[in-house]
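Summary of structural features
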Amino acid sequence: MRRSERVWSAILLSPGLGMLLLFVVAPIVLTAWISFHEWSMFTPMGDWTFVGIDNYRELSNSRTFRIALRNTLLYAGISLVAIVPLALGLGMLLFGGMGRASTALRTIVFVPYMIPTIAVAIIWGYLYSPLYGPLNQLLGFVGLPRQAWLGAVDTAMLSLVILNVWQTIGYYTVLVIAGLTQIPFVYYEAAKIDGASGFQRTWHITLPLLRRTLLFVVVIAVINTVQVFEPVYVLTQGGPANATNVLSFQIYRTAFEFGLAGQASAMAFVLFLVLVAAVLVVMRLLRDPAGGVV
Amino acid sequence: MRGPSGMVVRGVVFAFVAAPMLFPLFWMLASSLKTPQELQASPPVWLPAAPNLDAFARVFEVAPFARAFLNSFTVAGGTTLGILLTSIMAGYVFAKHRFVGRDVLFHVVLATMFLPPIVMLVPLFRIVEALGLVDTYAGVILPFLANAFGIFLMRQFMAGIPDELIESARIDGASEWTILWRIVVPLLGPAVAALAIFAFVFHWNSFLWPLTILQSPEMHTVVLALNRLVSYTSAIRFQNVVMAGTAIAIVPNVILFLLMQRTFIAGISSTGVKG
């Protein structure tokens, strides 16, 4: 019985774990390996030259890479600053304040998350069009100056963030709602009896007990935003003047347009390390024993 | 707030949230029905004077959209089947089998959930290339036949199934294979459905990997065809065709979501809460 269970464990695990080993673990190890080599995308496997940390040294001297790294962090940072409060506000609104309209509003807020990012980028590219798009017209209605949106260094990145927030906010809101349903209702009742105001209840009950959920939102948002690719590929190609050039786009270009596999892998490995560092920091916060009940 | 004034406040809040979420989709639909003259007006015209469906017919002339749908169904469907199979099997072991190192192994699997394809794109492409699978369905599907999220989701739901049920089947002499497919899986209906929809939509929408692997236009998925449609027709007077293509491309997803909304939301909620 025990022995046959052991055999079954192996049989049932091997397809899934085998695929992960072959197509996730091995490629990550290979990425690290290739990053220490000079290798053209157009020569066969094995035809590489060991160059030590030359690729990394080149990256540290490359202005384009530094800009791409900075832009990636900037994009992730601005997105987080917008997503966390918005998801929290929408989540509380949909969980508590909207009655029967909540379901309809949740559907509306969530639908963009289902749409391919390419489609979202195409639609927003049109909305942002300075002459033919409606956004500048709307700004005009309320007396604000026209913007160049994707066409100007100052606004291009922000325009991409807005598009991302529009597409993904519904997903993060659903996570917040799920977190809210876990908070026992009696806490609020007790606080009400003690005369706590709505603001006090939010500040002293909801937010501390939602900490875990919010950190989860942050982790997922970081993972999703540092790999942003489609909007940049479709709308800006990294421009204007590198203002929206992000790491994933630079990796793709370096590998598949310039054919520099070693360089691209070094960049990819840096992106990997950035991601691991970010997730570890947030996990650390999650485990903080001072953090309370949840 | 109750009573009529509460209703008004709620209505205003509703409109305030719904309008920005719906406006881009409204703009897409309205523009797909406009004439080239209306598209070239500045400031833009919001509603077409005489809505016409010409653009929807044009989409199928300028891009191989019908074939693209078939390709997307094949790729997303094939990947989803693989993910279901590998996730159910591995999830069962992590939930119900006991062996030394199980939890460590499970955490290693979970760690792979955080790895975006861009990080391993170069070796992944070269591996698939070495297998001779560039520009094939198999090349798009193969690297994604298993994923940590699916294994995680299945394990979470299977952990909730009582051990006694499985033990008594074992005593009756059922093999692990029979127990998994005859007893465990039928109890997991909603969870399996949630995973199937997640996987299908995710791979239907996927761009970077198909872009890397699929080269000939007749192999392109809907998302890739849409990308090409834009480069064909970037002039503003063709924007109705682009918007019609976009509308067609998102229809399956929106319908699937509206039909399966509860399953979807429940699936996301469970990963957020238990994660």
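Residues numbered from 1 in each chain as written. Chains lettered and ligands numbered in written order. Predicted model: local features only at pLDDT ≥ 70, side-chain atom pairs only at ≥ 80, totals over all residues.

1. Let's talk about the overall build of chain A
- Along chain A, the regular secondary structure elements total 13 helices and two strands.
- In terms of overall dimensions, chain A has C-alpha extents of about 75 × 75 × 35 Å along its principal axes.
- Expressed as a percentage of its 294 residues, the buried residues of chain A come to 44%.
- By sequence separation, contacts in chain A at least 24 residues apart represent 70% of the contacts at least 6 residues apart. (Helix = DSSP H or I, 4+ residues; strand = E, 2+ residues; numbered from the N terminus. Buried ≥ 20, exposed ≤ 12 C-beta atoms within 10 Å, placed from the backbone. Contact = placed C-beta atoms within 7 Å.)

2. Observations concerning the overall build of chain B
- When you go through chain B residue by residue, the secondary structure sums to 15 helices and zero strands.
- A compact globule built from 275 residues should have a C-alpha radius of gyration of about 19 Å, whereas chain B, at 24 Å, is more than 25% larger.
- Referenced to the eigenvectors of the C-alpha coordinate spread, the extents of chain B come out at roughly 75 × 65 × 30 Å.
- Out of the 275 residues in chain B, the part that is buried amounts to 44%.
- A sequence separation of at least 24 residues applies to 76% of the contacts in chain B between residues at least 6 apart. (Rg over C-alpha atoms; globule rule 2.2 N^0.38 Å.)

3. Description of the interface of chain A and chain B
- Listed as interface residues are 73 residues of chain A and, on the opposing side, 70 residues of chain B.
- Ranked by residues supplied to the side of chain A that touches chain B, first place goes to helix α1 (residues 2-34) of chain A with 19 residues.
- Broken down by class, the residue content of the side of chain A that touches chain B amounts to 56 nonpolar, 14 polar and three charged. (Nonpolar A, V, L, I, M, F, W, Y, C, P; charged D, E, K, R; others polar.)

4. Regarding helix α7 (residues 153-181) of chain A
Residues and elements named next belong to chain A.
- Between its terminal C-alpha atoms α7 stretches 43 Å, which fits the 42 Å expected from 29 residues at 1.5 Å a residue.
- Maximal helix bending in α7 amounts to about 45°, located at threonine 168.
- Extensive coverage of α7 is indicated by the burial of 22 of its 29 residues. (Expected span 1.5 Å × (residues − 1). Bend = angle between axes of the 7 residues up to and from the residue.)

5. Remarks on the environment of arginine 228 of chain B
All names here are of chain B.
- Here arginine 228 shows up in helix α13 (residues 222-232).
- Between the C-alpha atoms of arginine 228 and valine 242, which are 14 residues apart in sequence, the distance is 9.9 Å.
- Aside from chain neighbours lying at most four places away, what touches arginine 228 is Ala63, Pro217 and His220.

6. Description of the packing of helix α3 (residues 54-62) of chain B against helix α14 (residues 239-259) of chain B
Residues and elements named next belong to chain B.
- Between α3 and α14, the shortest axis-to-axis distance is 8 Å and the interhelical angle comes to 85°. Between α3 and α14, the angle falls in the class roughly perpendicular. Together, Ala55, Phe56, Arg58, Val59 and Val62 of α3 and Asn240, Val241, Ala244, Gly245 and Ile248 of α14 make up the contact between the two elements.
- Tallied by class, residues from the contact of α3 with α14 come to seven nonpolar, two polar and one charged. (Axes fitted to C-alpha atoms, helices over the stretch in contact; angles between N-to-C directions. Parallel < 35°, antiparallel > 145°, perpendicular 65-115°, else oblique.)

7. Let's talk about the packing of helix α4 (residues 65-96) of chain B against helix α8 (residues 148-158) of chain B
Residue and element names in this part refer to chain B.
- For the pair α4 and α8, the least separation of the axes is 7 Å and the interaxial angle reads 50°. It follows from the interaxial angle that α4 and α8 lie oblique. Seen along the crossing, α4 lies across α8 with a hand that is right-handed. Listed contacts from α8 to Ile83, Ser87, Ile88, Ala90, Gly91, Tyr92, Phe94, Ala95 and Lys96 of α4 are Gly150, Ile151, Leu153, Met154, Arg155 and Met158.
- The residue inventory of the contact of α4 with α8, partitioned by class, reads 10 nonpolar, three polar and two charged. (Left-handed = near helix turned anticlockwise from the far one by under 90°.)

8. Describing the confidence of the model for chain B
Residue and element names in this part refer to chain B.
- Per-chain confidence: chain B averages 90 in pLDDT, with 97% of residues scoring 70 or above.
- Looking at the elements of chain B, mean pLDDT is at its lowest for helix α15 (residues 261-274), recorded as 75, and at its highest for helix α7 (residues 137-141), recorded as 97.
- Here the prediction assigns the complex a pTM of 0.91, and the interface score ipTM is 0.91. (pLDDT = per-residue confidence, 0-100.)

9. Structural notes on unusual backbone geometry
- Cis geometry is found at the peptide bond from glycine 239 of chain A to proline 240 of chain A, where omega equals -10°.
- Locating proline 240 of chain A in the fold gives a position in the loop between α11 (230-236) and α12 (247-256).
- Cis geometry is adopted by the peptide bond preceding proline 43 of chain B, which originates at serine 42 of chain B and carries an omega value of 0°.
- Here proline 43 of chain B is to be found in the loop between α2 (36-39) and α3.
- At alanine 241 of chain A, a position not held by glycine, the phi torsion is positive, near 50°.
- Along the polypeptide, alanine 241 of chain A turns up in the loop between α11 and α12.
- Overall, the presence of 11 C-beta atoms within 10 Å leaves alanine 241 of chain A in the exposed class.

10. Quick notes on the environment of methionine 157 of chain A
All names here are of chain A.
- Tracing the chain through its elements places methionine 157 in helix α7.
- Here methionine 157 falls in the buried class, since 20 other C-beta atoms lie within 10 Å of it.
- Along the backbone, methionine 157 and leucine 74 are 83 residues apart, and their C-alpha atoms lie at a distance of 8.5 Å.
- Excluding residues within four positions of it along the chain, methionine 157 makes contact with Asn71, Leu74, Tyr75, Ala243 and Thr244.

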